[in-house]
Amino acid sequence: MLKIANLALLVLFPVAWFAPLLYAGLLPLFGLSEISIISGLQSLWKSDVVLALLVSFFAIFAPVMKSVGTALIQFRLASPRLLPALHIMGKLAMADVFLIALYIVVVKGVGLGRVETGWGLYLFSALVLGQIAITFLFERQRKAAKAS
């Protein structure tokens, strides 16, 4: 069951990348623009390449590398010694959720803009947390099988 859940993440993460993370507008009078991970990255590439690379790593590469690495271990195609590195990947992916939440708090605190969270933020957060849970349960399963 954990194998299927982990492989499902590889399908669901791309959905989360295109889903609306938040809706933002300059003032309450103007309409809100939909912002997704992909649209945010497109804007960042034009203005700040270093930040775009960081967000690309946190939001796209870290979660995918963790799921692929976990799948390789689950199907016995890679060594379980990769697990500590996969833990780090999960924490890096969670950093992206933190950055988005921080952006929302800052914009709302300034009072000039209007920000509403979109369903994609909840989806992406749930996927990252689900990925952490899958890895935790998989390790518990491995240790129990090893002990018996």
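Residues numbered from 1 in each chain as written. Predicted model: local features only at pLDDT ≥ 70, side-chain atom pairs only at ≥ 80, totals over all residues. Heavy atoms only, no water.

Moving on, we get to the sheet that holds strand S1 (residues 22–25). Taken together, 3 strands build an open sheet; the order of strands is S2-S1-S3 and the sheet is antiparallel. Only two strands of the sheet have a single partner each, and these edge strands are strand S2 (33–35) and strand S3 (114–117). Neighbour to neighbour, the strand axes of the sheet diverge by 25° on average, direction disregarded. (Pairing = 2+ DSSP bridges. Helix = DSSP H or I, 4+ residues; strand = E, 2+ residues; numbered from the N terminus. Axes fitted to C-alpha atoms, helices over the stretch in contact; angles between N-to-C directions.)

Turning our attention to the nonpolar core. Among the nonpolar cores identified, the biggest contains 29 residues, and Phe13, Trp17, Leu21, Ile37, Ala59, Ile60 and Phe124 are the most heavily contacted of them. Broken down by secondary-structure element, the contributors of at least two residues to this core are helix H1 (2–18), S1, helix H2 (37–47), helix H3 (49–74), helix H4 (83–110) and helix H5 (119–147). (Core = buried A, V, L, I, M, F, W, Y, C linked by side-chain atoms within 4.5 Å. Buried < 20%, exposed > 50% of the residue type's maximum accessible area, 1.4 Å probe, protein only.)

For the rest of this paragraph, the subject is the confidence of the model for the protein. Per-residue confidence for the protein gives a mean pLDDT of 83, with 82% of residues at or over 70. Here H4 stands out as the least confident element of the protein, with mean pLDDT 71; H1 is the most confident, with 95. (pLDDT = per-residue confidence, 0-100.)

This model, assessed by the stated rule, comprises 2 aromatic pairs. Aromatic side chains phenylalanine 13 and phenylalanine 124 sit 5.9 Å apart centroid to centroid with 70° between the ring planes, which places their arrangement in the edge-to-face category. In this pair, phenylalanine 13 sits in helix H1 while phenylalanine 124 sits in helix H5, placing the two residues 111 residues apart along the sequence. As far as the burial class goes, phenylalanine 13 and phenylalanine 124 line up, both buried. (Phe/Tyr/Trp six-rings, centres within 6.5 Å; stacked < 30°, edge-to-face > 60°.)

Right, let's talk about the environment of phenylalanine 18 for a bit. Along the chain, phenylalanine 18 falls in helix H1. Sequence separation of phenylalanine 18 and isoleucine 35 is 17 residues, and the distance between their C-alpha atoms is 8.8 Å. In this structure, phenylalanine 18 is in contact with Ser36 and Ile38, ignoring residues within four places of it in sequence. (Contact = heavy atoms within 4.5 Å.)

Attention now moves to H2. Residues of H2 that are buried: Ile37, Ile38, Leu41 and Leu44. Taken down its axis, H2 places every buried residue within 120° of arc, on the same side. Opposite the packed face of H2, turned more than 90 degrees from it, sit the exposed residues Lys46 and Ser47. (Arc of directions from axis to C-beta.)

The subject of this paragraph is the environment of alanine 52. Within the secondary structure, alanine 52 sits in helix H3. Along the backbone, alanine 52 and glycine 40 are 12 residues apart, and their C-alpha atoms lie at a distance of 8.6 Å. Ignoring sequence-local partners within four residues, the contact set of alanine 52 consists of Leu41, Leu44 and Trp45.

Moving on to unusual backbone geometry. Although it is not a glycine, arginine 76 sits at a positive phi angle of roughly 60°. Locating arginine 76 in the fold gives a position in the loop between H3 and H4. Overall, the relative accessible area of 77% leaves arginine 76 in the exposed class.

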